[in-house]
Structures are given as C-alpha cells and as structure tokens.
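Okay, here's what each chain looks like letter by letter:
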Amino acid sequence: MKNSPKKSVPAGKRKSELAGELEQSGSNSRQAKYVLRLYVSGSTSKSALAIENIKRICEQHLKHRYDLEVIDIYQQPSLAREEQIVAVPTLIKRFPPPLRRLIGDLSNVKKVLFGLDLGMRQ
Amino acid sequence: MAQKKASQPSSKTLPKASQPYSKTLPKASTGIQGLDEITGGGLPRGRPTLVSGGAGSGKTLFGLEFLVRGATQFGEPGVFMSFEESISDLTKNVASLGFDLDRLVAEKKLFVDHVSITRSEFGETGEYDLEGLFIRIADAVQRVGARRVVLDTLEALFGELPNPGIVRSEIRRLFNWLKQKELTTVITAERDQPDKLTRHGIEEFVSDCVILLDHRIREEISTRRLRIVKYRGSTHGTNEYPFLIDDQGISVLPISSLGLNHDAPAERVSSGIARLDGMLGGKGLYRGSSILASGTAGTGKTTIAACFVDAACRRGDRALFFAFEESPQQIVRNMRSIGIDLEPWVRKGLLQFHAARPTYGGIEQVLLLTHKRITSFQPSVVVVDPVTNLLMVSTQNEVRSMLTRLVDFLKTQGITTIFTSLTAAGALEASEADVSSLMDTWLLLKNIEVGGERNRALYVLKSRGMEHSNQIREFVLTDDGLRLLDVYLGAEGVLTGSARMSQEMREKAVVTFRRQELETRRRELERKRRIFEARMVMLRAEFEAEEEIIQQTISESELLGQEVAQDRGQMVLSRQADSSSYKKEGRAKVAPVR
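Residues numbered from 1 in each chain as written. Chains lettered and ligands numbered in written order. Predicted model: local features only at pLDDT ≥ 70, side-chain atom pairs only at ≥ 80, totals over all residues. Heavy atoms only, no water.

Asker: Explain the overall build of chain A to me, using residue names and the numbers behind them.
Answerer: When helices and strands are counted, chain A shows five helices and four strands. Reading chain A from its N end, one meets helices and strands in the order α-α-β-α-β-α-β-β-α. For chain A, with 122 residues in total, the buried portion stands at 47%. Pairs at least 24 residues apart make up 63% of the contacts formed inside chain A by residues separated by at least 6 positions. A total accessible area of about 6,200 Å² is found for chain A, and carbon and sulfur atoms account for 50% of it. (Helix = DSSP H or I, 4+ residues; strand = E, 2+ residues; numbered from the N terminus. Buried < 20%, exposed > 50% of the residue type's maximum accessible area, 1.4 Å probe, protein only. Contact = heavy atoms within 4.5 Å. Areas by Shrake-Rupley, 256 points an atom, 1.4 Å probe, with all protein chains shown as cover.)

Asker: If you had to explain the interface of chain B and chain A to someone new, which residues and values would you point to?
Answerer: Taken together, the 27 residues of chain B in the interface contact 25 residues of chain A. Note on chain B versus chain A: buried area summed over both sides is about 2,200 Å², and carbon and sulfur give 55% of it. Viewed at the interface, chain A and chain B are joined by three salt bridges. Here B:Asp129 makes a salt bridge to A:Lys46, at a shortest N to O gap of 3.5 Å. Between chain B and chain A we count 17 residue pairs in polar contact (both at pLDDT 80 or more) in total. Broken down by element, the side of chain B that touches chain A gets its largest block of residues, eight residues, from helix α5 (residues 131–144) of chain B. Taken together, the residues that form the side of chain B that touches chain A break down as 12 nonpolar, six polar and nine charged. (Buried area = accessible area lost by both parts, 1.4 Å probe. Salt bridge = Lys/Arg side-chain N within 4 Å of Asp/Glu carboxyl O. Polar contact = N/O pair within 3.5 Å; in protein donor to acceptor, adjacent residues only side chain to side chain. Nonpolar A, V, L, I, M, F, W, Y, C, P; charged D, E, K, R; others polar.)

Asker: Describe the pairing of strand β12 (residues 249–252) of chain B, and please don't skip the residues or the numbers.
Answerer: If a strand is regular, its side chains alternate between the two faces of the sheet. Residues and elements named next belong to chain B. In the sheet, strand β11 (residues 240–246) pairs with β12 via four bridges, with the strands oriented antiparallel. Bridge assignment links Ile245 to a residue of β12, and that residue is Ile250. Linking two consecutive strands that pair antiparallel, namely β11 and β12, is a turn of two residues. (Pairing = 2+ DSSP bridges.)

Asker: So what about the pairing of strand β7 (residues 148–152) of chain B? Which residues, and what values?
Answerer: Residues and elements named next belong to chain B. Counting buried positions along β7 yields five of five residues, so the element is predominantly enclosed. Where burial is concerned, the two faces of β7 agree: the one with Arg148, Val150 and Asp152 and the one with Val149 and Leu151 are both buried. In terms of strand pairing, strand β4 (residues 78–82) meets β7 through five bridges, oriented parallel. Paired with Ser82 across the bridge in β7 is Asp152. Pairing between β7 and strand β8 (residues 184–190): four bridges, direction parallel.

Asker: Please give an account of the packing of helix α12 (residues 363–377) of chain B against helix α13 (residues 396–412) of chain B that cites residues and values.
Answerer: Packed helix pairs are specified by the crossing angle of their axes together with the interaxial distance, meaning the distance between the axes. Residues and elements named next belong to chain B. Across the interface, α12 lies against α13 with an axial gap of 10 Å and an inter-helix angle of 10 degrees. When the interaxial angle is binned, α12 and α13 end up roughly parallel. Where α12 abuts α13, its residues Ile363, Val366, Leu367, Thr370, His371, Ile374 and Thr375 lie against Glu398, Val399, Met402, Arg405, Leu406, Phe409 and Leu410. Taken together, the residues of the contact of α12 with α13 break down into nine nonpolar, three polar and two charged. (Axes fitted to C-alpha atoms, helices over the stretch in contact; angles between N-to-C directions. Parallel < 35°, antiparallel > 145°, perpendicular 65-115°, else oblique.)

Asker: Pulling in residues and values, what's your account of the nonpolar core?
Answerer: All names here are of chain B. Counting residues in each nonpolar core, the largest one holds 42 residues, and the members touching the most others are Leu133, Leu151, Leu154 and Leu157. Within the residue set of this core, elements represented by two or more residues are β4, α5, β7, α6 (156–160), α7 (164–180), β8 and β9 (209–218). Here this core takes seven residues from α7, the largest share from any one element. Listed in part, the 39 residues of the second largest apolar core include Ile273, Ala305, Trp345 and Phe475. (Core = buried A, V, L, I, M, F, W, Y, C linked by side-chain atoms within 4.5 Å.)

Asker: Now, about helix α3 (residues 87–95) of chain B: what can you tell me, with residues and values included?
Answerer: Residue and element names in this part refer to chain B. Taken as a whole, α3 has its buried residues at Leu90, Thr91 and Val94. Considered in projection along α3, the buried side chains sweep an arc of 100 degrees and stay on one side of the axis. Residues of α3 that are buried make contact with α2 (59–73), β4, α4 (101–106) and β5 (110–114). (Arc of directions from axis to C-beta.)

Here's what the structure looks like:
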C-alpha cells in the first residue's frame, strides 16, 4: 500500500469534517492524523487485549498523529446501534478515508496494519 | 391432551394474552389467525422458535405480525432485529397490512433495530464475539420492556462476518441467553435446499419449535403452506396448513382441527320452493345442513340457489352468495327474468355477493376468503356457485380437503349452505361421489331428453335424517319463479315437456270422452224408461179395456145362469120328478131343492 494518502487529503476538507473530533496531539502537522475508535464490551480479556494491542500499534506506527477513543458499549448501547457494532472488539478507522472496520482483538498485527493502510511501512 | 381443540374458541375470538393451554408448557399467543389453533395456543413461551422458509415465503411478515399482535392484543412489547431490510423499508412494507410500526415505536410497544453490516468493511484481526449484538438486543428489550423478540434472518451474519465457527458458537450462546431471559423469540431462516431447514444448520440450536413456511407454484398457481416440523412438549397439528397473506396479515387455515362435533339442529328451513319442501318430508331442509345441487349445464342450479337465498332473505336471514362464475349484476338480472328480485335484499344488507374467479388466487386463498367473509358477515345461509370451478385451480384431492374444511366450518357455525356443482353429462352420480359424501342433502338436476327436446327434472338423491320423495319431478322456470310440476308417468318413465303436455291433453280428452259417453247412456236410459212407462200406460189401458169386457161377460153370464136356474126350478117344481138323482149332482140337485 502507499504510504502517502494522508498527505493527499487537503487540510481544509479535513478540518470541516472532523473539527469537533480532532484533538490536537500532533507534532507532525504534515501527516494526516488518524482518528480511531475502538468498541469493546466491558472488561473482558478480549477487550483488554484489544486495547493493549491498539495502543501498542499506535505508539509504534502513528506516534503523535492518532486520536484513539475506547468506547465501552455496555455503557453506551445506543452508540453500538449508531455505529452498527455487532462483533466486538471492533476498531473503526474514521480518518483518513476510506472508512475501515476491523473486528477481533487486534492480535494479528499484520492485518491491523494492513487495515490501517500502514502495511507497507512495516 | 390439555389443548384439545374442542375447548377452544373459534378463530375470530382471540384468547386474552397467553392462556395456559398446557400445564407443562406455557405458550404465547401469536394472534395470527389460525396458528394458535394448530399449535394449541401459540409459540413456546420464553423460548426460541425457528421459522424457516424460502425466499418470499412470508418469514419477515410472520415475525412482524407476531410482534405487532403481541404488542397490540396481548400487551407484550417486542423487539424486531432486522438483519436484512432497513427500518424504513420494513415500515413501508407492512403499512399495507394495516400495521403502523411508527406508532407502535412511538408508543414504546415496539423497538426496531436494523443490523447492517457489510463484509467489505471488515477484516478479522483476532478473536471476537457478538457481544455487540447481545448488547443491542438487551438494550432494546430493556427500553420497551419486551417479552417478544424477532431476529429476522439471523443467518445473514454468516455471510457478513468472518470465521463461521465463531458465528455458530455465538448464535448458540445467543439462543441460550434469550432462553435465560425468557424471551419468546422467533428466529427466521432462509431455506434454500429442500433437505435442509436452514442454510447454516442453526436449527440444531432450536430444540423447541420449528415452523416451516412454503411458497410453491403448481400449475401456475401459487400456494402458501405452513407446517409445524416440531414442537417439543406439545401436541400440534402435523399437516401442511394453507395460509394466506392479505390486507389483514397472515391467516392460517386449520384443516381438520375443527373436528366433527358440531350441533345438529332439528329446525327446518324452507328451500324457497314450496313443492320441493314437500318432497323433503314436507318441511324443507335442516338448518345448518349442507346441500349439493348438482347437474349438467343449464339445469337450473343457480336458480335453485337463488330461490333458497330469496326465501332466506324473506325470513330476514342474512345470505352470502359466492359466485365463481357470474358477476352479481348478472345473477340479479337473470333471476329477475324468472320473477326473483334479489336487489332489494342487497340494498337492505341482507344479501352479499362475493364474486371472483377462483383462478385469481390459490385454493386456500378462496378458502380463507370464504372464511373471512363468513366470519365478518355472519350469514345464516351461504351459496357456493359452483364448487366445481375450484377444480380449475387445484387437484381433486385438495378441493375435497378444502371442501371438507369448509363444510365443517359452516356446520360449526350453523350455516345452511347450498353448493352447486357442474357435472359432465353421462356421469351424473359417479363424478360427484367424493364431494357428495360431505353433503347432507343432494338434489340432482338433469335434463331429460325425450321427443326432440330437453326438459328440466329434479330429484332428491339423498337427504340425511328425513323422509324424502323418491320421484323424479319436472320443473319449469316461469315468470314468477321456479315451479315443480305434477308427475306424469309414461311407459318410459316421467313424461316431461311436450310429452307431458300431450299426455295431459290426452288425459283430458279421455275424461271428456268418458263424460260424454256417460251422458249418452244416461239419456238412453231415460228414454228407455219413458218408453217403458208409455208402454206400461198402454198395456194398462188395454188390460183395463179387456178387463172391462171380461167383467161384463162374466156378469152377463152369471145373470144368464141365474135366470136358467130359476127357470129350471120352476120346471122341477112344476114337474116334481127324479128328485134323488138330482141330489147327487150338487148344484143341479140344490137348485131343484130351492
């Protein structure tokens, strides 16, 4: 996969779309910020594993340019409905496009990177 | 045992909530017409039921109706999890059936969730479970306080999620969870192979109740069938039951659950033809009996039925006329030509027509429509004209089973019914043998062909439980109705038409001739008497004349004798001779003594 799609997205469009969601965490302003949502269910081992895995991956591959939010659907069932969550854990890559949904505990790092369009970098 | 059909109310009165039909297994009424009867009270309460069927067999509707009826009739809110159709599509689709999903949702009686997943978005990165689905169901159940859940084509998950092994085990877990929560659940599944109930074999997790829906096309006519494949812990009907989807949802028709336990009223009703009543023991037909009027084309079957309807309306009874061959207008017009005006009854609301070609729908459509119309109109008289048209849409076997059900149903309702039946010429009695056994009274109409003309004749082939005439009667359609005529028997049986008329005339001639002959004889006798009397007068006159003469002669000769004797006495006295010899000679002796 290409490693440059983040660059190709115009900053203006990005802003307008994600103004509310983006958190300023980035140091590298030239690279697009990743917006990730991880939906888990309570404190099961699968949930814990998924959280651990995504945090590690983000730190390794997207340092300072990701926005990760972990949502416990037990707490917010209506969010599960809105986001069409069926399987958990589900990781949704909201940005950059295309939108991707990855299910499972994210132990298969290769697949995760592939899904996040970070495959080539590794 | 506990859910014996006899103790159950008819299909139109739905039981309140879920009655405990069985002591061992509580059931949840579906509210779907007829289904509660064949399941003995509904679906297993608090357990999952699998509803399987091919594409377009009515699974989604089954599920939705189960929820809507539950929410509106039994106070049990429900959750609909749709894995295929979107909420707006669902709402639109069932609006035509009178189900207002939006309103039910607003009233918190129903919760609809559309589970939409697209495979292309997914990648599997490790272990997962379907907790998201569980949570969504649990949340929905909690929001409306649901007692019922429908999972519409749960198996869609297999196509959209990776790793079927996980999906399987999660579905198994879901069923256990639903059971544990005591939710009465309907799970629909697509059936694409005839030897399998579901595509992915999820029926093995549902051990309580499996219902199969089938939509088949045979000879270009579609029929829908429902069958209960299994129902653990409960007796149930095992047949295939026809069902129909119409503007009131699903109606399942129980085939034989009605049984043969209807009343047999002794009350009699007129057939509308006075002399036909006369043939039926003088009192007419039994109320609530079924009558078959069969005959070849143009023998007056519809007319007989119309007379019956007319008589019923005159009594103030309601009549329902199922016309499978003619339009109501045509029937009204035709009957008017023989002096039967049905229109006033239609206007008064006593008579309703239901006219449709049976080919319009399948046989069960006809049957269910018939049921519905009868249930809503509550007539005391029904005409089905003709039943034979039903054969066009189905096999003989199905028609018979349908008629059995219809007849049972009508009898249970105490409705007197006339079925007309068109028979092929030549096989009058044989072709009806299967239908006729269902009927109480069988009127056979036929055309008698004699002397270059056809005339209508009628006879009562059978009539259960009453004495009836065994005679073949001719009938004519006159300006003022149908009239049975007197019987004229000739050498070849009953005389009809002009043969009858000529016989009538002949008989009239004979009578006249006899009368004339008698008159002649009487006059001759009179004449003879007069002659005799005249002669008597003459003879008497002659006799008198003769008598007179004779008398005269007698008196003359007596006189003469006296004179002679006197003279002789004188002479004896004067002569005084031979007195002793005269003594021996009587008179001669006396005379001389004197």
